[in-house]
Amino acid sequence: MRITPATTTPAHTPAHTPAHTPTHTSAHTTTNTSGATDTVLLLAPRINETGLQLRTAAGRRGLRAFTATSWQAPEELLGSAAHVHVYGGPLFGDAVGQALGLALLEPAATWLAELPRELTGRRVSCTTLAEARRLRGPAFVKPPADKVFAARVYDDGCALPGPDVLDGDTPVQVSEVVRFRREYRLFVLDGTVRAASRYAVDGELSVAPLGADAAEVLAFAADVLAADGPALPSAAVVDVGPTDGGWAVVEANAAWASGGYAADPDGVLDVVLRAAGPLTQLPSTDRPFLRDLPEIVR
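Caption draft 1: Just unusual backbone geometry, in detail. One non-glycine residue, Asp-190, adopts positive backbone phi at about 55°. Secondary-structure assignment places Asp-190 in the loop between strand S9 (182–189) and strand S10 (192–201). Its identity as a non-glycine residue notwithstanding, Tyr-261 has a phi of 50°, on the positive side. Mapped onto the elements, Tyr-261 comes out in the loop between strand S13 (246–253) and helix H7 (265–275). Overall, the relative accessible area of 1% leaves Tyr-261 in the buried class.

Spelled out as structure tokens, the structure:
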């Protein structure tokens, strides 16, 4: 099922997804005279349930799905004419991205902090780990992108990783503590929700399709995606949910590194293909959202 918006925080292991109806990919794909496609979906070596689902969905479309055997860009893809897209965590993206000429999109680290308060339901700020260590009360603290330390509620700044573990200039996001009663993951492409899933209830893993919650989830998603404020890349993941004070945004993340839970794998694949593909195919409007990839010496 393809989901579109209504018109009117913990990381978990993705769960199995029920049957679905395939949808058309938004990525550029070419086919040679034998019917084989030159588009490749490259998956990280430690393939998770979402990766398995995407591999199956890609195969139904005639795309080549390739599971890496190491944390390096596969030799057979280096310098090839294939249009490579990737799904895996940040470490894998960094390991293969530059060598394969990939454009990996991710929301700006300041996106949540720059949203209107009526959409976040709490105060959110971006600062450094050194500043966060001065906190004298409980706060939810997380790295805005990579998981260099646990994202959770800390009793105060003294409980955060010390200077012997992480440099003080490490970027962090600090939020007021709120309780999300339920949490939903939205895979967004060009401002449209293409797939969605519930993934938590009261902070505990609870994976399910949207079901009866769909209208309420998508109505709030439409408000978020139409709001004046910071932009998102054309392909991203946005997590939302109701709090005791109303609906709020949990966070936004890179689609190519996010679990799909019970979301339709075909919709997830649409978003992943755009979020992590050839730099040569990148729309100019997405350039501000490029992940800075390290150069890997082989």
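Caption draft 2: Main features of the pairing of S9. Of all the eight residues making up S9, seven are buried; the element is thus mostly covered by neighbouring parts of the structure. With eight bridges joining them, S9 and S10 adopt antiparallel strand pairing. Paired with Val-188 across the bridge in S10 is Val-193. Adjacent in sequence and paired antiparallel, S9 and S10 are bridged by two residues, among which Asp-190 carries a positive phi angle near 55°. Sheet topology note: the S9/strand S12 (residues 235–243) ladder contains six bridges and is antiparallel. Of the residues in S12, the one forming a bridge with Arg-185 is Asp-239.

Caption draft 3: Region of interest: the sheet that holds S9. In spatial order, the strands read S11-S10-S9-S12-S13; together these five strands make up an open sheet with antiparallel pairing. Only two strands of the sheet have a single partner each, and these edge strands are strand S11 (204–208) and S13. Each neighbouring strand pair of the sheet contributes to a mean axis angle of 30°, computed without reference to strand direction. Helix H6 (residues 214–226) rests against S9, S10, S12 and S13 of the sheet, and its axis sits at about 65° to S13. Packed on one face of the sheet, H7 meets S9, S10 and S12 and runs near 60° to S9.

Caption draft 4: Fine view of the side chain of Asp-94. Its place among the elements puts Asp-94 in helix H2 (residues 90–96). Overall, Asp-94 belongs to the buried group, its relative accessible area being 15%. The residues contacting Asp-94, other than those within four sequence positions of it, are Arg-291, Leu-293, Pro-294 and Ile-296.

Caption draft 5: The packing of aromatic side chains, seen in detail. Under the definition given, this model contains five aromatic pairs. Here the aromatic rings of Phe-220 and Trp-247 are separated by 5.8 Å at their centres, their planes lie at 35°, and the arrangement is tilted. Pair noted here: Phe-220 is in helix H6 and Trp-247 is in strand S13, with a separation of 27 residues, a long-range link. Judged by relative accessible area, Phe-220 falls into the buried class, the value being 8%. For Trp-247, a relative accessible area of 17% translates into the label buried. Of the aromatic side chains, those joined through ring pairs into one cluster are Tyr-184, Phe-220 and Trp-247. The aromatic ring of Tyr-199 is capped on one face by Arg-185, whose charged end is 5.2 Å from the ring centroid.

Caption draft 6: View of the sheet that holds strand S8 (residues 171–175). Here we have four strands laid out as an open sheet, ordered S5-S8-S6-S7, and antiparallel in their pairing. Every interior strand has two partners, whereas the edge strands, strand S5 (124–128) and strand S7 (152–154), have only one. When strand polarity is set aside, the average angle formed by the axes of neighbouring strands in this sheet is 35°. Sheet analysis places strand S6 (residues 139–142) next to S8, joined by three bridges and oriented antiparallel. Within S8, the residue paired with Val-141 across the bridge is Val-174.

Caption draft 7: Broad picture of H7. Counting buried residues along H7, ten of its eleven residues qualify, which places the element largely inside the surrounding structure. Where H7 is concerned, the buried positions are Pro-265, Asp-266, Gly-267, Val-268, Leu-269, Asp-270, Val-271, Val-272, Leu-273 and Ala-275.

Caption draft 8: Broad picture of the environment of Pro-74. Here Pro-74 shows up in the loop between strand S2 (64–67) and strand S3 (83–87). Sequence-wise, Pro-74 and Leu-100 are 26 residues apart; in three dimensions their C-alpha atoms are separated by 9.1 Å. Residue contacts for Pro-74: discarding those within four places in its chain leaves Leu-42 and Phe-66.

Caption draft 9: Broad picture of the packing of helix H1 (residues 49–60) against H7. Interaxial distance between H1 and H7 falls to 9 Å at its minimum, and their mutual angle equals 85°. As the angle between them shows, H1 and H7 are arranged roughly perpendicular. Between H1, through Gln-53, Leu-54, Ala-57, Ala-58 and Arg-60, and H7, the contact on the second element is made entirely by Pro-265, Asp-266, Val-268, Leu-269 and Val-272. Taken together, the residues that form the contact of H1 with H7 break down as seven nonpolar, one polar and two charged.

Each value, and the rule that gives it
- Residues numbered from 1 in each chain as written.
- Predicted model: local features only at pLDDT ≥ 70, side-chain atom pairs only at ≥ 80, totals over all residues.
- Heavy atoms only, no water.
- Helix = DSSP H or I, 4+ residues; strand = E, 2+ residues; numbered from the N terminus.
- Buried < 20%, exposed > 50% of the residue type's maximum accessible area, 1.4 Å probe, protein only.
- Pairing = 2+ DSSP bridges.
- Axes fitted to C-alpha atoms, helices over the stretch in contact; angles between N-to-C directions.
- Contact = heavy atoms within 4.5 Å.
- Phe/Tyr/Trp six-rings, centres within 6.5 Å; stacked < 30°, edge-to-face > 60°.
- Lys NZ or Arg CZ within 6 Å of the ring centre and 35° of its normal.
- Parallel < 35°, antiparallel > 145°, perpendicular 65-115°, else oblique.
- Nonpolar A, V, L, I, M, F, W, Y, C, P; charged D, E, K, R; others polar.

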